[in-house]
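# Examination of the molecular architecture
Read off the chains here:
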There are 2 protein chains.
Amino acid sequence: MAVRRQPTLRDVAAAAGVAVSTASRALTRPGRVNANTADRVVAVAKELGYIPSASARALLSGRTATVALVLPDVTNPFFFGLVRGTGARLRESGYVQVLADTEESAEVELDTLRKLRGQVDGAVLAASRLSDEQIGAAAADLALVVVNRTIPGTPGVLLDTAGGMVQALEHLASSGHTRVAYASGPATSWSDRRRREALEPAAVRLGVELVVLGPYAPLRASGAQAADAATDAGVTAVIAFNDLLAFGVLERLDARGIAVPERMSVIGCDDIFGADLVRPALTTVASPVEQAGRMAADLLLARLEGGRSGDEDGDGFDEPAVSARDAAFPVMLPTRLIVRSSTGAAG
Amino acid sequence: MAVRRQPTLRDVAAAAGVAVSTASRALTRPGRVNANTADRVVAVAKELGYIPSASARALLSGRTATVALVLPDVTNPFFFGLVRGTGARLRESGYVQVLADTEESAEVELDTLRKLRGQVDGAVLAASRLSDEQIGAAAADLALVVVNRTIPGTPGVLLDTAGGMVQALEHLASSGHTRVAYASGPATSWSDRRRREALEPAAVRLGVELVVLGPYAPLRASGAQAADAATDAGVTAVIAFNDLLAFGVLERLDARGIAVPERMSVIGCDDIFGADLVRPALTTVASPVEQAGRMAADLLLARLEGGRSGDEDGDGFDEPAVSARDAAFPVMLPTRLIVRSSTGAAG
DNA sequence: CTGAAAGCGCTAACAA
DNA sequence: TTGTTAGCGCTTTCAG
C-alpha cells in the first residue's frame, strides 16, 4: 500500500562496503572489477531489491529506452497487429513502448509529437494525419519511422495494399465482372490515392469499367451510403477502402435483400478480426501488419543504436535485414487477396 | 534527420539574460517573478523551442507522470475499451500511458512489474495472472489499481459479469430452457469462479439444470470442443465464458448443421467487436469497460495526487466520485444482457 | 582494481 | 524580485 523508498546505488555501495563508482561498475560491466567484489555487490543489490533509476540514467545518457507508437485510433482493429509487432521487437531490445492515440486529429498528433520529444528516443508514426512537411519538421527533433507513408529522408514501411486491390480486381474480372466500384476512403489518405492510381490502369488493362465512389469515412457506419451508391451505379461488385466499410456495405445489402455474392460481390481490405466471422465471410486483402510493425521497430532501433542489423526470427520470410544504411529507403511489404464467400461470378 | 541537441533551461536563461532559477520560476510559476522578466523568458523559451527535460524533472521529484496499463494480451478485443478509457483519463491529467503486454504469463507479468518500478508512478493491472499475495507484494513497491480482482488494501474496479450471466440464465429460463450449459473459462480466472458461484444458486431458483463444461481457453479455437460437449450433454443452450469462445461455438454448430437458435441457443460475454456481425448475431453480456478504465485511472490518480476527486463527465451515470479514502474499496460496475438472434425458445 | 569528484537538467532552499 | 548553491541517482573521467 504505502510505497516504500527505493534503495539507491548508494545504499547498495554502503551495504557492500565499496564506493558508488565501484558498485556502478560491478553492476554495469562486471569485467572491470574484481570478481569477488563484483559478486558481493551483485548479491547485495539483489538482496536489497535494487533497481537502477531510469530517470537518472536517462538524464545522464540522454536516452530513455522508450519508444512511442503514434496512432490515429488505438481501437481500430487494423492497428492491433502493429501494436503487437512493434511491441514485441521493442521489448526484445529492452525498450518500453508507449502508446499515443491522436484521436484522428492532426493537431493532437502534432502536440503529441512535441511532448514526446525528450520523453522518448524515437517514434513509429502510423497512418499519420500530418503533411509531409510537418512530418519532416518533426523528424528533425525526434527519430521517426513512418508506416504507410513516404517521406523523403525518413525511413518507412509500406504495405502494398494497392497491389492487393489490383489482385482483387483481377479476381473479379476473371469471374466475369465488367463493371466494378471502388468505395474510396478519406480524401487525405495517402493509401487511398495510391490505390486509385493502381486500380485505374489495371481496370483498363482488364477491360473492366471502374467507378470510383466516395470518399467515405472508413467506418462501418458509412457502409450504407456506399452500398446504395454502388447499386445506383449499376455495378456487380464493390471493392471497399477497408473491412470496416465493407462490413457496413454487407449489412446494408442484407437489409435491402440484395444477395451477396449472387447479385453483388463485396471485397474489403485489411483482413481485420471479424472478416471471416461475418456471413457471407468477407473476401479481403490481407497485409502482414505485424511484420510491418516488427520492421518499423527494427528500422527505428537501427537508427537509435546506430547500425544494428535486423534479426530474422523464422516467421518472417521475405523479411530483409535492416541496417541504418537502408533506413532511408522505405520497405514495401506484399499483400495478398483472401478469397471467401462474399465474392462470386458476376450477377 | 539528424536529431539536433535540445535547448536546456540554461540556454534559455542565457539567451534571456537571467539566472537558471529565474528562468525556471518564470516557466513554472509566473506569479513569483517580475512580469516583464517572465514574459521575456517565456518568449525566448518558445523561440528556442525549449521543452523541459522529463528525466531531470523525474529525477528531482521522483515522479514520472507516466502510468502503465498491464494486460495479458493487448490484442484481445475485450481490453480495447480499457486501453481507451484509462488512456483518455490519464491524458487529461497530463500523464503518459505505457502499455505492457504480459503474454498471458505470470512470470512475464512479475518481471514487467519489477521493471516498471521507478519508471512509472503507478499501474493499472487488468486480469492479472498473479496470486493475491504476489499482487499484494507488488503493491508495496508501486501504486496499483486492479481491474476485475479483489485484493485487500488495493483499490480496484469490478465488472459484474456474474450478474450479467444470471440475467442470461433468466432470459433462457423464461424462454423455456430447462437444461443449460456453462462453458467455463480458465481455471485460474477469478471472474470465472465468481460466475459459477452466481450461476449455481440462480439455476436452482429458476428450476434450471446447470451443466458446467470445461475449463476452456477463452479463444475461438476452443469453441468446437465446447460445442460438442454441449450437444453431448443434451442441453438446449450454452452460456460461454466469453464472446471469443462463443464465436467458436457458433462456427462449430454451423459446421455440424445444428441450427441456432432453433436447436441450440448461444450466449457470450463482453460484447466485443464482431458480436453483432456474426450470423446469427450473438446475444451477450455487455460491460461498461471503457467506464471501468476511466474509473481505474481515477482511482490511481487519486492515490498519486493525494485526494483529487473523480470528475463526472456526463456520460457516466452511476459513476461515483472517487477519493483517496474510497480507494481501498473496489467499485462494482453493472453489466447488462444484450439479446440478439442467437437465443430463442427452447428447441 | 578502486575511490573521489564532476556533472547530466532541473527545482528548491537560502541569500542578497 | 533575483541570483547562488546544493543535490536528485547515476556514470564516467581522473587519480591513487
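Just above sits the structure.
Worth saying up front: this structure is predicted, and the values here are computed from it rather than measured.

Rules used throughout
- Residues numbered from 1 in each chain as written.
- Chains lettered and ligands numbered in written order.
- Predicted model: local features only at pLDDT ≥ 70, side-chain atom pairs only at ≥ 80, totals over all residues.
- Heavy atoms only, no water.
- Near = heavy atom within 4 Å.
- Polar contact = N/O pair within 3.5 Å; in protein donor to acceptor, adjacent residues only side chain to side chain.
- Helix = DSSP H or I, 4+ residues; strand = E, 2+ residues; numbered from the N terminus.
- Core = buried A, V, L, I, M, F, W, Y, C linked by side-chain atoms within 4.5 Å.
- Buried < 20%, exposed > 50% of the residue type's maximum accessible area, 1.4 Å probe, protein only.
- Contact = heavy atoms within 4.5 Å.
- Salt bridge = Lys/Arg side-chain N within 4 Å of Asp/Glu carboxyl O.
- Pairing = 2+ DSSP bridges.
- Right-handed = clockwise from strand over helix to strand, strands pointing away.

Our next topic: the protein's contact with DNA strand C. With respect to spatial proximity, 25 residues lie near DNA strand C, and among them A:Thr22, B:Leu9, B:Tyr50, B:Arg57 and B:Leu60 are the closest. When the atoms of DNA strand C within 4 Å of the protein are sorted by group, sugar and phosphate make up 66%. Here A:Thr22 contributes a side-chain N or O atom positioned 2.6 Å from a phosphate oxygen of DNA strand C. Counting residues per element, the ones that place at least two in the surface near DNA strand C are helix H2 (20–28) and helix H4 (54–61) of chain A together with helix H1 (9–16), helix H2 (20–28) and helix H4 (54–61) of chain B. Sorting elements by how many residues they give to the surface near DNA strand C places H2(B) first, with four residues.

With 150 residues, the main nonpolar core has A:Leu82, A:Ile239, A:Val266, B:Leu82, B:Ile239 and B:Val266 as its most contacted residues. Among residues more than four places away in sequence, those in contact with A:Val266 are A:Val238, A:Ala246, A:Val249, A:Leu250, A:Leu253, A:Val260, A:Leu282, A:Thr283, A:Ser342 and A:Thr343.

Once that is clear, we can look at the pattern of salt bridges. Applying the stated rule across the entire model yields 38 salt bridges over all chains. Between B:Glu103 and A:Arg91 there is a salt bridge; the shortest N-O distance is 2.8 Å. Linking B:Glu103 in the loop between strand S2 (96–101) and helix H6 (106–116) with A:Arg91 in helix H5 (residues 80–92), this pair reaches from one chain into another. Between B:Asp298 and B:Arg89 there is a salt bridge; the shortest N-O distance is 3.0 Å. Taken together, the positions of B:Asp298 in helix H12 (residues 289–305) and B:Arg89 in helix H5 (residues 80–92) put the pair 209 residues apart, joining distant regions of the chain. The buried category is assigned to B:Arg89, whose relative accessible area is 1%. Connected through salt bridges with shared partners, the residues A:Asp73, A:Asp101 and B:Arg84 form a single ionic network.

Next up on the list: the pairing of strand S3 (residues 122–126) of chain B. Residues and elements named next belong to chain B. Burial of S3 is extensive: five of the five residues sit out of reach of the surface. Here four bridges tie strand S1 (residues 66–71) to S3, and the two strands are oriented parallel to one another. Bridging across to S3, Ala68 finds its partner in Ala123. Bridging between S3 and strand S4 (residues 143–147) involves five bridges; their strand directions are parallel. The residue of S4 that forms the bridge with Val124 is Val145. Each parallel crossover has a hand, and for S3 linked through helix H7 (residues 132–139) to S4 it is right-handed.

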